Amino acid sequence: MELPFGYEEAVREWRLFEEYLVQARYAIRATETGDPVERNMADVLQRVSNAFTHPGVRKALIDGRILTATPFLMNGGNSYTRRAGYYSCYPLGD
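Residues numbered from 1 in each chain as written. Predicted model: local features only at pLDDT ≥ 70, side-chain atom pairs only at ≥ 80, totals over all residues. Heavy atoms only, no water.

S.K.: Describe the pattern of salt bridges, listing the residues and the values that go with them.
M.R.: Here the idea is simple: oppositely charged side chains can pair when their charged atoms come close. This model, assessed by the stated rule, comprises four salt bridges. Its salt-bridge partner being Arg65, residue Asp63 comes within 3.0 Å of it at the nearest N-O pair. A residue is classified by how much of its surface remains accessible, and Asp63, at 39% relative accessible area, is partly exposed. On the accessibility criterion, Arg65 (55% relative accessible area) is exposed. A network of salt bridges, in which partner residues are shared, links Lys59, Asp63 and Arg65. (Salt bridge = Lys/Arg side-chain N within 4 Å of Asp/Glu carboxyl O. Buried < 20%, exposed > 50% of the residue type's maximum accessible area, 1.4 Å probe, protein only.)

Written out as structure tokens, the structure is:
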């Protein structure tokens with residue numbers, strides 16, 4: 001199967017998408033200006049890793065071997081958020 005673009009273009013597009021996600025969704029924002037403080041996914045993962053106490057989990061996050069769900073990427077280690085939830089699924093009922 002032939003793809004409509006090459007490897008280099010795919011990597012370039014992925015990096016643009018990653019930048020968008022970090023800037024639009026995951027980055028902590030400066031309280032004064034609302035501008036994103038974190039520049040890239042490595043900054044986000046460094047912050048999120050600080051919410052874990054186990055050194056193996058922290059290292060795996062920083063190395064990109066594991067990735068948390070979006071709520072944790074947005075809220076983990078974020079002292080400015082009013083959202084305390086870290087999970088994307090919640091049990092319903094008793």
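Back to the text.
S.K.: For the packing of helix 2 (residues 41-49) against helix 3 (residues 55-62), give the residues involved together with the corresponding values.
M.R.: Running from N to C, helix 2 and helix 3 cross one another at 170 degrees; their axes reach a closest spacing of 8 Å. By the angle between their axes, helix 2 is roughly antiparallel relative to helix 3. Contacts between helix 2 and helix 3 involve Leu45, Gln46, Val48 and Ser49 from the first element and Arg58, Leu61 and Ile62 from the second. Here the residues of the contact of helix 2 with helix 3 are counted per class, giving four nonpolar, two polar and one charged. (Axes fitted to C-alpha atoms, helices over the stretch in contact; angles between N-to-C directions. Helix = DSSP H or I, 4+ residues; strand = E, 2+ residues; numbered from the N terminus. Parallel < 35°, antiparallel > 145°, perpendicular 65-115°, else oblique. Contact = heavy atoms within 4.5 Å. Nonpolar A, V, L, I, M, F, W, Y, C, P; charged D, E, K, R; others polar.)

S.K.: With reference to specific residues and values, describe the environment of Asn75.
M.R.: In this fold, Asn75 is placed in helix 4 (residues 70-75). The class of Asn75 is buried, set by a relative accessible area of 6%. Taking the C-alpha atoms as reference points, Asn75 and Tyr87, twelve residues apart in sequence, are found 9.8 Å from one another.

S.K.: I'd like to hear about the nonpolar core, residue by residue, with values.
M.R.: Looking at soluble globular proteins, one finds that nonpolar side chains tend to be buried together. Val22, Tyr26, Ala27, Met41, Val44, Leu45, Val48, Leu61, Phe72, Leu73 and Met74 together form the largest nonpolar core, which totals eleven residues. Mapped onto this core, the elements with two or more residues apiece are helix 1 (7-26), helix 2 and helix 4. It is helix 2 that provides the largest number of residues to this core, a total of four residues. Among residues more than four places away in sequence, those in contact with Val22 are Ala27, Glu38, Arg39, Asn40, Met41 and Val44. (Core = buried A, V, L, I, M, F, W, Y, C linked by side-chain atoms within 4.5 Å.)

This is a description of form; function is not addressed.
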